[in-house]
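Here is what each chain is made of, one letter per residue.
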Amino acid sequence: MVLEATMICIDNSEWMRNGDYSPTRFQAQADAVNLICGAKTQSNPENTVGVLTMAGKGVRVLVTPTSDLGKILACMHGLEVGGEMNLAAGIQVAQLALKHRQNKKQQQRIIVFAGSPVKYDKKALEMIGRKLKKNSVALDIVDFGEDDDGKPEKLEALLGAVNNNDSSHIVHVPSGPNALSDVLISTPIFTGDGEGGSGFAAAAAAAAAGGVSGFDFGVDPNLDPELALALRVSMEEERARQEAAAKKAAEEASRQEKGGEQQSSSQDATMTEHANVAASDADKKSDLMDDENALLQQALAMSMDDPATSLAMRDTDMSEAAADDQDLALALQLSVQDTGKDSTSQPDMSKLLTDQSFVSSILASLPGVDPNDPSVKDLLASMQNESESQQKKNEDKPPNEEDK
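Anyway, here's the lowdown on the structure attached to this text.

Rules and cut-offs
Residues numbered from 1 in each chain as written. Predicted model: local features only at pLDDT ≥ 70, side-chain atom pairs only at ≥ 80, totals over all residues. Heavy atoms only, no water. Buried < 20%, exposed > 50% of the residue type's maximum accessible area, 1.4 Å probe, protein only. Helix = DSSP H or I, 4+ residues; strand = E, 2+ residues; numbered from the N terminus. Pairing = 2+ DSSP bridges. Right-handed = clockwise from strand over helix to strand, strands pointing away. Axes fitted to C-alpha atoms, helices over the stretch in contact; angles between N-to-C directions. Parallel < 35°, antiparallel > 145°, perpendicular 65-115°, else oblique. Contact = heavy atoms within 4.5 Å. Nonpolar A, V, L, I, M, F, W, Y, C, P; charged D, E, K, R; others polar. Salt bridge = Lys/Arg side-chain N within 4 Å of Asp/Glu carboxyl O. Left-handed = near helix turned anticlockwise from the far one by under 90°.

**Overview of the pairing of strand 4 (residues 107-114)**
- Of all the eight residues making up strand 4, seven are buried; the element is thus mostly covered by neighbouring parts of the structure.
- Alignment of strand 1 (residues 4-10) against strand 4, held across six bridges, turns out to be parallel. If you follow M7 over to strand 4, its bridge partner there is I110.
- As defined by bridge partners, strand 4 adjoins strand 5 (residues 137-144) across seven bridges and the pair is classed as parallel. By the bridge assignment, R109 is partnered in strand 5 with A138.
- With respect to chirality, the unit in which strand 4 leads through helix 4 (residues 122-134) into the neighbouring parallel strand 5 is right-handed.

Quick look at the structure:
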């Protein structure tokens, strides 16, 4: 790789306003300068590039030779266009800037953009060329724009005076639809003297200019096979990574779909269980309501039944309970006997009450009671009548009813 310091001389005269180069001469020149600066700095990290203007109030150095590409590109913004190009003064100032470079091992090169007429004659230009050759300074000339007053011949004479072992070059760029930078890509100004580094810079510049080189990734494998291989490997790794990412995304999507189906089935099973539990609870509640209704109906029936019926039901319940408990059966038997004695004593009592002499003797024995009192007699007579009527009813009742 060539180690060199380069000064680029820009033409910012009034002729740069013309639009015969897209979009304008000055803009086309600025794009070409940016590509050349990138190519020089990328071909070797120790290369330096400086920029100066040749028109306006005078020659002005925008940036001294530096390897900071950002600083170089920033100086191109806001340039004023005006005046006439002073080619001789521009080349001499560029030579002076290269003389004061920091690294003396760097080769010296000047690149001149001439887009306006040249006011110097051939002899003056040849003198400047011989001076550059004496100081081992190479010169590249980009001739575009105006070609009147023998401009191409003057520039050829300048190149002939400075050229040493074909280290200097000149390129004539006619106006047309192609950009200035696109035409310069295939010229020695970009490709250098056959060095691989300059070739890489030219290929990179071609990619930046729109990929007119026709090679993959904008790099010619013949010029820089290592870079082409590295770019190809990087592209294959990126493609493999993208394919792996797409495959992983598809697997996650299918897993989410399966998980959603399982979740929906589990939700259906849960809802079915809840429905079954709710149905069983409803059945239990309905059974309890049925039991309560049955008890309520039984209570109503018991309240509406006759006392004899309720007594018979009680006797039935008591008899069933007595069958299970012997002590309770004995107590029931004794109570039944007492009830029978009371029922047999009732007729005896009725018979005693019908005996008037017995009742009169009892009343006479009571203090303060007169048996001959008319009210007492009436009472005794009514009681006797009631006892007689009750006795007649008992005699008239059929035997089967008495048994019941």
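Further notes follow.
**What about the packing of helix 3 (residues 87-99) against helix 4?**
- Viewed as axis vectors pointing N to C, helix 3 and helix 4 meet at an angle of 10°, and their least axial separation amounts to 11 Å. It follows from the interaxial angle that helix 3 and helix 4 lie roughly parallel. Packed against helix 3, whose contacting residues are L87, A88, I91, Q92 and Q95, the element helix 4 presents L125, I128, K131 and L132 at the interface.
- Residue composition of the contact of helix 3 with helix 4, grouped by class: six nonpolar, two polar and one charged.

**So, the pattern of salt bridges**
- Within the structure shown, the criterion is met by eight salt bridges.
- With a closest N to O distance of 3.2 Å, D143 and K151 form a salt bridge. Side by side, D143 and K151 carry an identical accessibility label, which is buried.
- One network of salt bridges, in which partners are shared, links E4, K40, R109 and D140.

**Let's talk about the sheet that holds strand 3 (residues 60-66)**
- Overall, mixed pairing links the six strands, which are arranged 3-2-1-4-5-6 in an open sheet. The open sheet terminates on both sides in strands that have one partner only, identified here as strand 3 and strand 6 (169-173). Here the average twist between neighbouring strands, direction ignored, is 10°.
- As judged from the six bridges shared by strand 1 and strand 2 (residues 48-53), these two strands associate in the parallel manner. Opposite C9, over in strand 2, you have L52 as the bridge partner.
- This element, helix 1 (residues 25-43), spans strand 1, strand 2, strand 4 and strand 5 of the sheet and lies at about 175° to strand 1.

**What to know about the packing of helix 4 against helix 5 (residues 151-162)**
- Axis separation between helix 4 and helix 5 bottoms out at 7 Å; the angle between their running directions is 25°. In this view, helix 4 runs roughly parallel relative to helix 5, as classed from their interaxial angle. Of the two possible hands of crossing, helix 4 and helix 5 adopt the one that is right-handed. The segment helix 4 lies against helix 5, with K122, L125, E126, G129, R130, L132 and K133 engaging E153, K154, A157, L158, A161 and V162.
- Classifying every residue of the contact of helix 4 with helix 5 by side-chain character gives six nonpolar, one polar and six charged.

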